[in-house]
Structures are given as structure tokens and as C-alpha cells.
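An overview of the molecular structure
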Amino acid sequence: MKILYSQIKELAPKLTASPREVGEALTLTGLMMDGFAEIEYNNKKDYLISLEVRQNRADCLSVIGVAREVAAFYGLAVKYPQVDDLNFGKEALAIKVNAPDVIKRINAVSIDAVENKESPAWLKQYLACYEMNSINLLVDLSNFVMIVTGYPSHLMDKDKIGEVISWEINKDFGEIITLDGTNIKLNKDELIIRDNKSVIALAGMIGAQYGSIEMNSQSIVVEMAIYDRVIIRKNSRSLRITTEASSRLEKDLDPNGVDYAMGFLLSLIRKYGGGKIASQMFNYYPKKIASKTILFNPKMPSIYAGVEISRKEVIKILKNLRFAIIEDKEMLKVTVPSGRTDIFLAQDLVEEVVRLYGYNNIPVDVLPVLTMTEDITPKHFYLIEKIKDILSALSYDEVLSWPLTKKGYNAVMNYKEMGEVSVQNSVNEDSSELRQSMATGLLAQFAEYQKKNLEYINIFEIGKVFGKLGKNYLEYDTLGILLYDVDKAIDKLRIAVETLLRELGISEICYKNAISKPAIANPYSCWDIFVAQENLGIIYKARQGNVYFAELNIANLAKGLNNAPTNPTIEITQKIVTLDANVVLATNESIDDYIKNVRKKIGKNNIFSLIIKDVYKLANDKIRYTIRVSYKELSDQKAKEIHFDSFGLTK
Amino acid sequence: MAMDNKIIERLKNELNGVVFSDDLKSLWKKYLGKEGEVKMALKEIVQMSPAEKSVQGTLIQEIYKETIALFEEKEKALQQGENDKNLKGQAESLGYEIAKVGHLHPITQTIRMLNKVFMDMGYSVMDGPEIEVDEFCFQRLNVPADHPARDMQDTLYIQEPDILLRTQTSSVEAHVLATYKPPFKVVCPGKVYRNEKVNKSNHFIFHHYQGIVVMEKVSLKDLFGTINHLFKKIYGSDVKIRFRNKYYPEVEPGVGPDMQCFNCQGKGCALCKGSGWIEMGGAGIIHPNVLSMAGIDNKKWLGFAFGLGLDRWVMAKYNITDIRTLLGGNLGYKYYENENTL
């Protein structure tokens, strides 16, 4: 919302603050100054102050609304623009209201023998401040009144439209040509103003060429209406039309303000265009909105602000803001002024008082001493933090990528049994699918680093992957790691993964040929990672190049941690006894299962370490594994005994 | 045999020429062996008259002691020299390969910095779902369907109108309020999504940092003190902050915390669009409707909440000029340097 400093002065004549001071006062009290320009208006130096008006203050999308704020801040009176005593005719306008559920109020009147013409220079110049082109006197006055009062109006050429005008939900018309000549396809669910032939306007948004005011218009119908804001917002969104009118009417404008705004518009038309009001005032206002009264404890502002604001100060501020007050013992009965459709609760009054008292009068340098509270941080937060630290210590770099990915990427990178989740309305067409694997982002990052000639590409990311099972949307915290090397390096990645897991406290890690493999993986170098019975994720080599990828589900990792031993510390009183055993298995036999079985036989209390020292491929689909066991707290003889028994070796 | 101190001088010269321990052994034999020069002289003392003994005998005794001392000294020196030779043979040189270090993303570093400030004050850290339902992203935050406040955020829908990607971490606030019993103090960092075209200064994915406190007694003064403390911890004690009234449907009264522009020190520049201030997010006293929708007695409990945008802070701190860099291929790290986080 822009406002001329001279116009604020006109409405608050006793204002002495400078234009910039006014802008700063408005900023602190809720209307942030986001522009300030020195201009020339009406042959005088003036200032145009731009303000951000938030969605709750429909009343401040007007000069009067802003002037009221300024006056309240400085404790001044507001002098409103004059409305003449108007004489109405006897003619009754033929208006039908066929959409009563979405119309709060309509005022309409006809004027005959009006002289439409070019606007006076001041009006043209005024509208130019608001980046509005001058059309003709009548249209320009309608726009002027909208800016000053906040209430949009719509003017029709009475001679060009049928006798009966109706407001209804569109069922008959497939298109409208608007005032600016744009042809808009209609959905046949819009609120429209029509006659027996055509659409005259999209109510609350924009008029049609049909029935529009032109320079030769002499008999006109002026309407000013307030609608249920929801239908204006819906129509505006579905037709992608935002106008000065719709941006005001999709907020909560007070229907009671129509009387003044309509009177002001008619006064100006009569003053500048002459004519005679031919009809009675059509006034559709079935549910008159009464002023709200709130029982208010004047101590509340002090409690909320944390500083003492006296009862006297509270009353003074509320009165400056036009609230009517009746003191009732300790309490106040506060009546909300017209236009303030944002005030419902005592807390709303607290805000009114405190914002005018001044946030800048509340101390900021006192660190609060708040009640001690229980730590409810979930464990997985600490787990994720630790994973990041370990991987960066292992010289991996963290990257963050887009959780939304290009079509087709999930198809080659996903390996989980879940459906794809898409967004319906992304303005970025090439990123509409939610990733199902962290590989989507890491591989994109890898490609970028390669383009830029980076030599070391060891990267990781922790984020969500998404999917759908039946009607349920799923999301998992997931770690993805990518390693690139000029040489074969799947084992480097395996060691990194194992170091991470062992650092976290997980020791019994094993790998199985992956059951479900992503299309991007080399199917002969792709394994599921297991800890006990828990599938943590996957490790694989990509089909092309020496690019290696691992993905771990953080929730499953946390489960694995719950079952992990908590204390690797031991007392070593005897020398460690290390013995090897050669084991030959068929290629389809699991070495992990074999080791698991041997561990059980040896007994975990006897093992210091158990590793596969060597693997050798034999003929006839057999593999020879050399398993090295280090025994603790056993004599040589006892260790040998257990070793031979456990591996079934002959002495 | 008459003996004088010249023998010591001679021995010293000969010892100087000894390099190997075998040579030392030969020399030892020459002077102190069974038939060695000094040993023989020592044996002759017995046959000397008392007068000779007191003069010549005493001298021989002194020469004998000094000879032994010189040999011991030389032996020690030789041993030392041989050790050095061995160690030299086993010596290694330092290489030139530099250790590559891993890095945490600037967003992570910033979130950690903020988390530390708040965890030191007893706050917990929470996260919530990114695929969200309308109820938790809007309705429970006092934004009913078709409320004009919805225009503040262009939503990415998965299944309009109910299933969406969260537009704000206030959705985590709604979950926390619905799940935990007050009192609590929580911060929630996380990704949020808006349906915006991606360019140099806008992204459809960015990061929020939400704070929620629910107690029997809190005030704007507590909120201001908390935010002031946070900004000073991050930007230093000279940072200037202002608090202004700003509407957000989930709070009442609402607050807009602004920081004086670090680029122009409040004079007005392109970064702060001439205002001298940078908007840092939104805050306020939690709206009573928000508490009651979560089943919290709004007559007993009061709360404050704040939501800060992280990405622009991070860009300013790390001199990143294009917001796309934060989530894209242009972010790199120097292999051999890391950030000083102390």
C-alpha cells in the first residue's frame, strides 16, 4: 500500500512528524515501510511511503486506514473526507441476489445525465502514484475512492445492459472479455454479475467490456458490494486474476463501511460529473454485523509484554485506536470500532495496546530464566550428528541436494518396494518427483564435481527419502555415501561403512547378495548390508565408472544400535593366541552363516577377534577362506583345543 | 722403569685415532693388558724402596687411574657412535602427501551453532515429517482453509488439498504441542518447501529454524531477550536488532525481528532494499487458538514461538552469492582446509 504524506497530513491535520518518522512509526506498529520516495505531487514536494500491509489488516489497504494508524500513534484526531447530503430518486433498481450465501452486502444506485469526461490533472497524477492509468472521470473516481476508503466499486453503463441485474454463481457463460480486452475462459462456478444477455463482471474482481463505462456514458449504475472473502479468493486463484479489487475483497472488509465509501463516491461523481441520482439506494444487507464487545482485563498487556503498562495507558491507547470503553470494576468492556475485522479476542486487544505502547520500550538485553524442562530430543538426532562427525573425520564431504528429482531418476535408483510420490503443482517442471534414494542427489553432485575437475569426490548426505505404500506416505531419514576412485574401490567404501558402524558401536556386520537391486547398480557388485537380522541398506558399484554408493536407513541403524554390545573394554592378563583355519565352501554357501556358527561354537567370551584373512577361488565352484581367530585369556593348549573343535580340524 | 705424564699424552693421541672397538681392545692390551706398559709399571712398585714408592709409586698409581678413565671414556664414545650409525640406517623421512579433510555443509554448521546456543539454555531439538497434512501445516496454526494468510506461502501439493510438503517448520510446532505436555522448550531446524521458481535469489527448498517455549509464564520480554541473545552469540555483541509488530496467524501479539544490515550498517543498500534492516523471520506469543487446538489449557499456559530463515544467514556468513549453491553442484570445499569451529 502506498500513501502520500500530504494525504496523511490532510486527514490528520495536527501531524508534525516528518515523513520518515511517520514511516518508522508505522513500521514499529505493524505496517512495515518497504519504500520511501520524494516526489512532486500537485506541483509541490511530497513523499510517497510504501507499506507492507499484512493479511489481517484489510482496513489498512486504504488511505483512511493508514491515517487512522498514524493518528492513533501520535494521539491525533482524524478529519474524514466530506460526504454530501445526497438526494435519491424514486426508481427501484431491478436487482436479483441469487447467491445469498456468498454475498454479505450490496449497495447500488443509478445516476442519470452524468457528464463523463477526462479526469482533472490532480486525479490523473494521483492515480499515477499508484501506477494506475487514467481511463475516464467516472472510472478514475471509482479507483480513487477505492484507494482512499479501501472499498472497490463497479460502474456499469445503464444504457448498454438489460433492465435486470443479478448476482449469481455462473452456470451459463463459458468466457468473459474483460475491460482490458483479455478473453478469460470461465469454469462455470464463479460469482458473476449478469443481465439477461451476458456477464457484466466477475464479482469482486474485474468488469467485462460488456456494459463498461465509456466517455459517452450518461446513465450509469454504481454498485459496491462485500462478499464472502473465500469465494473471491477461490475465483481469483482458479482464474489466475489478481486485481486491486480482488486483493481487498478476499480479505475481511467490514460491510458497515460501505455506507461511507458509497456516499463518498456518489458525492465525488456529483461534484465532478454532475447528474442526478435517479434511483433509490438498493441495499442488500441481510445479516447486519453488530459491533463486537470484549470483556478485557487491563492487566493482560503487562503480563504479555513483561513490563508494567498502567491501566490509564491501556485505556488511552485503546481510545486512540477508536475502541469504545466502559470501565467495569477491574475489567473493561471494549467495543471494537468499524473496520477492525481482525479483533476478536482479549489477546487481540493485548496486541493493540502493546504495539502502540511500543515494542522498542520492552527491554531486549535480559536473558530469560525459564523453567527447567525435560530433554525430549529424540535419540536419532544425536545419531545423525555422530554419523556426520565420523564421516567427515573419514574425509567425506557433506553435500545437500534437492529432495525433488527429475522424472525417471527414481526408476533407475530406487530399490525399495514402494511407489513414487509426485507433487501436483510444481512450477519447476523438472523436479516433481520426491526422491526414493539418496543416490539421485549424490550422483548429480558427482557429475557437477567431475565437470569442474575436482579430484577427490568422497561425499555423503543425510536426508529423507520418500515413498508410498497403499494410501500411506512414507519418509525415512537416510544416509547416502558416494565414493569415486580412479581404481577399483568398492572395498574402500566397505571399510568406510564398517568404520562408521563400528565407531557407532555395531560390530556384527555382514553382506548378502542384494535381493532388490537398483537399475543403476552393477548387479554383480551389489550387496545388502545386515546387522543381525536388520537390513541396514545397500552397497554397490555403479554400472559405469568407478563410482560406488552406499545407502543406510537411519531408523534401522538405530535399531541395530539398540542390540549392539555396549562395552568393548576387556582386561588382558594373558598373551593373545592367534590361530588360522582354512575352510572350503561352495560358492552358493554363505561364509557369514559359517562364521556365525563358528562364533557360537568358540563362545564369544573366548574371542578377541575373528576375521577372514584370505579368500582364494578354487576349481569346481569352491572357495577357500582363511579364517584367523585370536583367542583371549586362554592357554596355548586350550586355545588350540577350542580352535580344532570349532573348525572340525584334525589334530 | 721410570714413568712420567708423557705416557698420558701419548695415550690420548692414540685414542684419538681409534674408530672401531677392536682397535680400542688392542690399545687396551698395549697399556693395560697383562704385559701392558702401565700394568707392568704397576707391578714394579712392589719392588721399590719406600722413598721411590712415595714418589714414583704414587705417580704410577695416578697414571694407572687416568689411563683407565681415558679408556672408559673412549669406549662410551665409541658405543654412542655405533648407536647413531644404526639409527641413521633405520631413519625415515617425512613425506609430502597432505591429509585430506572432510567437511560439514555450511547449513549443518549453522544449525549446530544455533543448536548449541539453545541446548546450552536447556532446549530440546526436534524434527517432524516433511510430507505434511493440511491440518498440521495450517489449520492447527490458526490458518483455516482459504484464509488470506495462506497467500504468504505458495504450497507444493502432493494431493491437494490435504497432503503437501511442509511450507514452514511451524508444522513441527503443531506436532510438538499435540504430543508433549508443557512445560517444554524446543527448537526445530529443518527443510521447508514453497512452490517458487528457482533462480539466483529464490529457491523452492530452504531451511527454517523454529523455536517453541510453553510455560506458565512467558512474555515478549523473554522472547526478545532470547532472540537478542541468539543474534549476539552469532553476530557478536555489536549487532543491532529491532522488534516490530508483525502479523502471523499463529501468534498474538506477533513480532518481526529485524537485524541492522551488516552490509551497509543501516545506511541502506541493495541487500536490505534501502531500509537498513534485514528481516530475520517471525515470532510472537503463541495464539490461544493454537494452544487450545492442541488440547493445552490456554488459560494456564502461555508460550512464545519464533521462526527464522537460515539460508540468507548462511549465504552472508560464507560469502555465497547464489542461493542455488547451497543445494547444488557449485558448493565445494578446499581439500586441505577446514573451518575453525572453536
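All of these numbers come straight from a predicted model, not from anything done at the bench. Every chain begins its residue count from 1, and numbering advances along the sequence as written. Lettering for chains starts from A, numbering for ligands starts from 1, and both go in the order in which the items are written. The predicted origin of the model limits local features to residues at a pLDDT of at least 70 and limits the giving and counting of side-chain atom pairs to 80 or more, whereas totals for whole chains, interfaces and linings rest on all residues. Processing note: side-chain calculations cover all non-hydrogen atoms of the structure and skip hydrogens and water entirely.

So, about the environment of Gly30 of chain A. For Gly30 of chain A, the position within the fold is in the loop between helix H2 (19-29) and strand E2 (32-41). Each C-alpha atom of the pair Gly30 of chain A and Arg355 of chain A lies 7.6 Å from the other, and the pair is 325 residues apart in sequence. Contact between two residues is taken to exist if any of their heavy atoms lie within 4.5 Å; hydrogens are not considered. In contact with Gly30 of chain A, other than residues within four places in its own chain, are Glu52 and Arg54 of chain A together with Asn245 of chain B. A helix here means a DSSP run of H or I that spans at least four residues, while a strand means a run of E at least two residues long, and both kinds are numbered starting from the N terminus.

Helix packing geometry: the angle between the two helix axes and the distance between the axes. Residue and element names in this part refer to chain A. Between helix H17 (residues 591-602) and helix H18 (residues 636-647), the least distance of the axes is 9 Å, while the angle of their chain directions is 140°. It follows from the interaxial angle that H17 and H18 lie oblique. At the point where H17 passes H18, the crossing takes the right-handed sense. Along the contact surface, H17 presents Tyr594, Val598, Lys601 and Ile602, while H18 presents Ile642, Ser646 and Phe647. Residues were grouped as follows: Ala, Val, Leu, Ile, Met, Phe, Trp, Tyr, Cys and Pro as nonpolar; Asp, Glu, Lys and Arg as charged; and all remaining residues, including Gly, as polar. In terms of residue class, the contact of H17 with H18 is built from five nonpolar, one polar and one charged. For helices, the fitted axis covers only the stretch in contact; all axes are lines through C-alpha atoms, and the angles between them, taken along N-to-C directions, range from 0 to 180 degrees. Should an angle lie under 35 degrees it is considered roughly parallel, over 145 roughly antiparallel, and from 65 to 115 roughly perpendicular; all remaining angles are considered oblique. Two helices cross in a left-handed way if the nearer one is turned anticlockwise from the farther one by less than a right angle. They cross in a right-handed way if the turn is clockwise.

What follows concerns the domain arrangement of chain B. In this document the domain limits rely on a domain assignment from an automatic tool or a database. Taken domain by domain, chain B comprises domain 1 (3-92) and domain 2 (106-337). Measuring from the centre of the C-alpha atoms in domain 1 of chain B to the corresponding centre in domain 2 of chain B gives 88 Å.

A few words on the sheet that holds strand E18 (residues 331-335) of chain A. Residues and elements named next belong to chain A. Strand pairing is assigned whenever DSSP detects at least two bridges linking the two strands. Ordered by their spatial adjacency, three strands build an open sheet running E16-E18-E17, and the pairing between neighbours is antiparallel. Two strands lie at the open edges of the sheet, namely strand E16 (293-296) and strand E17 (324-328), each paired on one side alone. Put simply, the sheet's adjacent strands are angled 20° from each other on average, direction ignored. Bridging between E17 and E18 involves five bridges; their strand directions are antiparallel. Bridged to Ile326 within E18 is Lys333. In this fold helix H11 (residues 346-357) packs onto E16 and E18, with an angle of close to 75° to the strand it touches most, E16.

Residues and elements named next belong to chain A. Tracing the backbone through its elements, the reader meets Asn56 in the loop between strand E3 (44-52) and helix H3 (63-74). For every residue, the accessible area obtained with a 1.4 Å probe (protein chains only) is divided by the maximum for its type, and the residue is called buried under 20%, exposed over 50%, and partly exposed between those limits. Relative accessible area serves as the criterion here: at 15%, Asn56 is assigned to the buried category. Between the C-alpha atoms of Asn56 and Lys251, which are 195 residues apart in sequence, the distance is 7.4 Å.

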